Structure formats: structure tokens, C-alpha cells
Amino acid sequence: MSPAPPIDPPARLLMGPGPITADPRVLRAMSAQLVGQYDPWMTATMTETMGLYREVFRTTNEQTFLVDGTSRAGIEAALVSLLEPGQVVLVPVFGRFGHLLVEIATRCGAQVHTVEVPWGEVVPAEMVEEAILRVRPSLVACVQGDTSTTMCQPLAEIGEVCRRHDVMLYVDATASLGGNPFETDAWGVDVVTAGLQKCLGGPSGSAPITISPAAAARIDARKVVEAGIREAADDDAEAGNEHAVIRSNYLDLAQVMDYWGPRRLNHHTEATTMLYGARECARLLVEEGLDAAVERHRLHGAAMLAGVRGLGLTVFGDVAHKMHNVVAVEIPDGIDGDAARSALLTEFGIEIGTSFGPLHGRVWRIGTMGYNARTDAVLTTLACLEQVLRAGGAEVVAGGGVAAAREVYAA
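Residues numbered from 1 in each chain as written. Predicted model: local features only at pLDDT ≥ 70, side-chain atom pairs only at ≥ 80, totals over all residues. Heavy atoms only, no water.

## Let's talk about the overall build of the protein
Scanning the protein for helices and strands turns up 14 helices and 13 strands. Here the C-alpha radius of gyration of the protein, 22 Å, is about what a compact globule of 411 residues would show, namely 22 Å. If you line up the protein on its principal axes, its C-alpha atoms span 75 × 60 × 50 Å. The burial tally for the protein puts 57% of its 411 residues in the buried class. (Helix = DSSP H or I, 4+ residues; strand = E, 2+ residues; numbered from the N terminus. Rg over C-alpha atoms; globule rule 2.2 N^0.38 Å. Buried < 20%, exposed > 50% of the residue type's maximum accessible area, 1.4 Å probe, protein only.)

Right, here's the structure in full:
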């Protein structure tokens with residue numbers, strides 16, 4: 001048997017809802033050599049990464065670090081650590097990833113209640129408040145940007161409602177952080193998780209998280225230190241604890257906080273290469289400036305929006321609440337959506353996305369995020385999409401996509 005060849009992925013421009021083309025600077029950072037997880041340089045780098053992500057999340061939370069795993073690992077770590085069996089959680093649902101929060105919270109043994117709106121809309125704060133008064137949750141768990149619908153849920157009013165009724169707020173900001181405004185402290189969000197593979201411009205595999213002091217205390221009250229690394233003080237601290245043990249070992253945020261904190265209590269071997277990548281993602285955002293990064297995503301998202309309209313395509317959903325970094329367009333009549341996506345990939349090396357559930361086969365999702373939130377990526381995608389649509393028999397405005405996008409850039 002001949003040996004397998006080296007990895008040699010094809011050239012691709014990833015213009016879907018994520019993952020995106022990673023920033024070359026992030027990939028270079030990830031090629032650095034490993035050091036031991038308790039090497040002073042390594043622990044200093046971990047501490048430095050925590051500080052960078054406080055700036056990204058716009059928070060002063062001490063407990064700001066990385067969960068080793070994809071963005072879903074961050075979501076599950078947050079929910080399994082915050083929710084004891086039997087506790088009530090309220091989930092506003094406006095797309096696929098609200099349903100994911102329901103799925104994970106149910107597996108945590110929580111009593112899950114939802115408020116739902118049709119896909120393409122966002123949930124009004126008054127609907128959330130009415131449900132809080134009705135079901136009295138200990139936690140509201142919400143997605144900010146749901147890529148299945150491209151909607152961006154307003155959070156400031158929901159945060160105010162939660163504070164007024166003494167309810168904690170968890171937000172999954174995987175698809176939105178870095179490309180849309182996010183104010184952890186100003187909006188009163190207790191726990192936020194994200195991923196690298198969208199607006200942060202990196203690969204999937206690390207989940208940044210920030211935890212308020214109140215949420216950290218709630219999680220810490222459930223802490224059980226593993227046998228073999230326990231100290232006498234741990235026995236004293238856990239004596240008489242009536243809280244349910246966190247039902248995951250790997251995703252136990254009480255233990256992970258001790259791993260990242262001054263105690264450096266052994267929990268797992270840090271994913272060093274992903275740490276390098278996550279640090280570089282945050283460093284680049286902070287270097288650019290969060291406001292500038294959001295504005296960059298707004299500009300290129302507006303150009304893509306104008307461009308698809310310039311081709312004569314119809315945009316799905318409430319555009320007033322669309323994320324900056326992704327747009328959903330209705331697939332024209334007579335066009336085979338999957339065949340057109342395949343042609344765009346095989347002929348031009350460009351990937352765009354389909355969607356899920358009721359939108360599968362109905363819309364394409366086109367992203368402008370992270371490293372690909374730039375002019376050449378937008379114009380190239382629009383020009384190539386026009387050719388694919390023409391080949392499929394669709395009536396499109398010749399040059400209309402690129403022309404409309406260029407008008408946005410010229411404004």
C-alpha cells in the first residue's frame with residue numbers, strides 16, 4: 001500500500017455562513033512550536049489571551065478564557081455548568097440555533113420553555129418579559145446572530161429585562177462576535193460564548209467564553225475537585241454542598257476556571273496550537289479596533305446586500321435586523337440551488353451555503369466575515385455568481401451585482 005500523500009487542500013474562497021477562509025496571520029501563529037502547559041511562557045500567554053478576550057467581549061470579567069473545542073463545546077459548557085436538573089430556562093427561538101439551545105438545555109435536565117417567532121424575524125423584548133413573568137426562569141438562553149436565518153437578535157432590552165427580574169442571561173455569539181456590536185457589561189449579559197470560525201477569522205476548535213462574577217459564583221457553588229488532585233481545603237469547601245454536581249467533567253467550567261486561574265489546577269492538557277490561533281484572532285481584532293472591525297463587516301455586508309439585489313435576487317427576512325456578516329437570498333425560480341452551489345465551487349472555487357429546516361433549498365446564505373470581509377472577495381463572488389445564474393437560465397442584470405456593490409464602496 002502506498003503511503004497517503006501530504007495534506008494539500010484545494011484553493012477555496014469560503015463565502016458561506018462559516019467556516020470562512022482563515023486569516024493567514026492566524027495560520028502562521030498556529031504553526032509555532034509547542035511548549036509545556038505549565039511552562040511560565042505558556043501560563044503567561046494564557047493570561048495574556050484572557051486579557052485580549054476581555055477587550056473583544058467588552059467586559060471586565062475576570063473569568064474570561066477559552067473552552068477547548070468547537071463553539072458548540074462552549075455552548076454546552078455554559079449550559080451544563082449553569083443549569084442544575086429541574087431548573088427553569090427560557091429560550092427565545094428564531095432559527096435553528098435557538099433550537100440547539102433547547103436541545104442542550106433539555107439534556108442538562110432543565111425545564112425548558114420557549115418563545116418563538118417565524119424564521120426571518122427577531123424576538124421582541126416584551127415577549128421575553130411576558131414569558132419571564134409566566135414561567136419564572138433562572139436563566140434566559142439566547143442566540144445573538146443565527147446564521148440559519150441571518151437575523152441578529154437585539155439584546156440590550158432583553159438584558160435590561162433580565163436584570164429587572166433577577167434572571168441570568170446567557171448568549172451564544174458564535175456567528176456575530178467581532179462583526180456586529182456586542183457589549184457584554186453594558187447589556188448585562190452574564191455569560192457569552194463564541195467561536196473563531198466566523199467574524200474572528202480563525203479555524204473552528206476553540207470557544208472563547210466570558211462569565212460574570214455572579215455567574216461564576218453560581219458555577220463555583222457546584223464545584224467538585226477530582227480525586228488525585230484534591231486538597232484538604234477542597235473537602236472543607238464542598239462539605240454540605242447541596243448543589244448538583246456539574247454533569248460533565250470535560251466541560252465543567254468550575255474546574256476549567258481553576259485551570260485558567262491562579263491555582264492552575266490540572267484539568268486537561270491545553271490545546272496549545274488552538275490557543276495560539278485564538279490569541280492571534282483576538283490580537284488582530286484589538287489591533288484593528290472593535291469599532292473598526294464592526295464597521296468593516298457592516299460595509300462589506302452592505303456591499304454584498306446591494307450586490308445580490310443588483311443581480312435581481314430577493315433577500316430573505318427582516319433586513320433591518322440582518323447580521324452585518326451574512327445575507328440570505330431567495331433561490332430564483334427555475335434554478336437548482338444545490339447544482340448552482342456546486343457549479344460555483346467546481347468552476348470558481350467559491351463556496352456559499354444553503355440553509356436548514358424550512359429554508360433548505362429555498363435560500364442561499366452568503367457570508368462576508370472575518371478575513372473575507374474585504375472588497376475583492378465581495379466583488380469576485382458577485383461576478384462569479386452572476387455567471388452561474390446565467391448558465392442556469394436565470395434572468396439577471398448584466399454586471400448589476402458588481403456595479404451595485406461598487407456604488408456602496410464609492411459612497
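Picking up after the structure, the text goes on.
## Some remarks on the nonpolar core
Grouped together as the largest cluster of nonpolar side chains are 88 residues, with contacts concentrated most on Tyr53, Phe65, Leu79, Tyr170 and Ile211. Dropping the residues within four chain positions of it, Phe65 is found in contact with Met50, Ala207, Pro208, Ile209, Ile211, Leu253, Val256, Met257 and Trp260. Counting 31 residues, the second largest nonpolar core, distinct from the first, contains Val308, Leu311, Ile331 and Ile335. (Core = buried A, V, L, I, M, F, W, Y, C linked by side-chain atoms within 4.5 Å. Contact = heavy atoms within 4.5 Å.)

## Some thoughts on empty space enclosed by the protein
Applying the stated criterion to the full structure yields one cavity of 30 Å³ or more. The volume enclosed by the largest cavity comes to roughly 50 Å³. If you trace the largest cavity, you find it lined by Val67, Asp68, Ala77, Tyr250, Leu251, Val256, His267 and His268. (1 Å grid on protein atoms, 1.4 Å probe; cavity = no way out; pocket = protein on both sides within 12 Å on 5 of 7 lines; lining within 4 Å. Points joined across faces, edges and corners; volume = space filled by probe spheres on them.)

## Here we look at the pattern of salt bridges
Within this structure, the stated rule accounts for 20 salt bridges. In this structure, Arg164 and Glu129 form a salt bridge, with 2.5 Å as the shortest nitrogen-oxygen distance. Taken together, the residues Arg164 in helix H6 (residues 156-164) and Glu129 in helix H5 (residues 125-135) connect sequence positions 35 residues apart. Here Arg164 falls in the partly exposed class, since its relative accessible area comes to 46%. (Salt bridge = Lys/Arg side-chain N within 4 Å of Asp/Glu carboxyl O.)

## A look at the pairing of strand E2 (residues 63-68)
The side chains of a regular strand alternate between both faces of the sheet. The buried count for E2 comes to six of six residues, which makes it a mostly enclosed element. Pairing of E2 with strand E10 (residues 206-211) involves six bridges; the strand directions are antiparallel. Within E10, the position partnered with Phe65 by the bridge is Ile209. (Pairing = 2+ DSSP bridges.)

## Overview of the pairing of strand E3 (residues 88-93)
Taking burial as the measure, the six residues of E3 include six buried ones, the bulk of the element. The parallel pair E3 and strand E4 (residues 111-116), bridged by helix H4 (residues 96-107), forms a crossover whose chirality is right-handed. Bridge count for E3 against strand E5 (residues 139-143) is two bridges, and the pairing is parallel. If you follow Val89 over to E5, its bridge partner there is Leu139. (Right-handed = clockwise from strand over helix to strand, strands pointing away.)

## A word on the side chain of Asn61
In this structure, Asn61 sits in the loop between helix H2 (40-57) and E2. Looking at Asn61, the relative accessible area reads 6%, which means it is buried.

## Describing the layout of surface pockets
Quantified by volume, the largest pocket comes out at close to 310 Å³. If you go around the largest pocket, you meet 20 residues; those closest to its centre are Ser71, Phe97, Thr147, Gln197 and Lys198. When residues of the lining of the largest pocket are traced back to their parent elements, those giving at least two are helix H3 (71-82), H4 and strand E6 (145-146). Each residue belonging to the lining of the largest pocket can be placed in one class, and the counts come to eight nonpolar, six polar and six charged. Along its surface, the second largest pocket is lined by 14 residues, and Asp23, Arg25, Leu284, Glu288 and Arg296 are the ones closest to its centre. When contributions to the lining of the second largest pocket are tallied by element, the ones reaching two or more residues are helix H1 (24-30) and helix H10 (272-288). (Nonpolar A, V, L, I, M, F, W, Y, C, P; charged D, E, K, R; others polar.)

## Describing the state of the cysteines
Within this structure, the stated rule accounts for zero disulfides. The cysteine Cys108 is free of any disulfide, with Cys142 supplying the nearest cysteine sulfur at 17 Å. There is no disulfide at Cys199, and the cysteine sulfur nearest it, in Cys152, is 9.6 Å away. Judged by relative accessible area, which is 3%, Cys199 ranks as buried. (Disulfide = S-S within 2.5 Å.)

## Examining the sheet that holds E3
In a beta sheet, neighbouring strands pair by backbone hydrogen bonds and run either parallel or antiparallel. Spatially, E2-E10-E9-E8-E5-E3-E4 is the arrangement adopted by the seven strands of the open sheet, whose pairing is mixed. Two strands close off the open sheet at either side, each with one partner strand: E2 and E4. Sheet twist, expressed as the average angle between the axes of neighbouring strands with direction ignored, equals 20°. (Axes fitted to C-alpha atoms, helices over the stretch in contact; angles between N-to-C directions.)

## Quick notes on helix H14 (residues 400-410)
Residues of H14 that are buried: Gly400, Gly401, Ala404 and Ala405. For H14, the angular spread of buried residues about the axis comes to 125°, placing them on one side. More than 90 degrees from the buried face of H14, the exposed residues found are Arg406 and Ala410. Summarising the contacts, the buried residues of H14 are in contact with helix H11 (290-310) and helix H13 (375-391). (Arc of directions from axis to C-beta.)

## Here we look at unusual backbone geometry
Cis geometry marks the peptide bond from Gly18 to Pro19, where omega comes out at 5°. Along the chain, the position of Pro19 falls in the loop between strand E1 (13-14) and H1. In this structure, Arg136 is a non-glycine residue whose phi angle is positive, near 50°. Mapped onto the elements, Arg136 comes out in the loop between H5 and E5. Under the relative-accessibility criterion, Arg136 is labelled exposed at 54%. Its identity is not glycine, yet Thr150 carries a phi of approximately 75°, on the positive side. Secondary-structure assignment places Thr150 in the loop between E6 and strand E7 (151-152).

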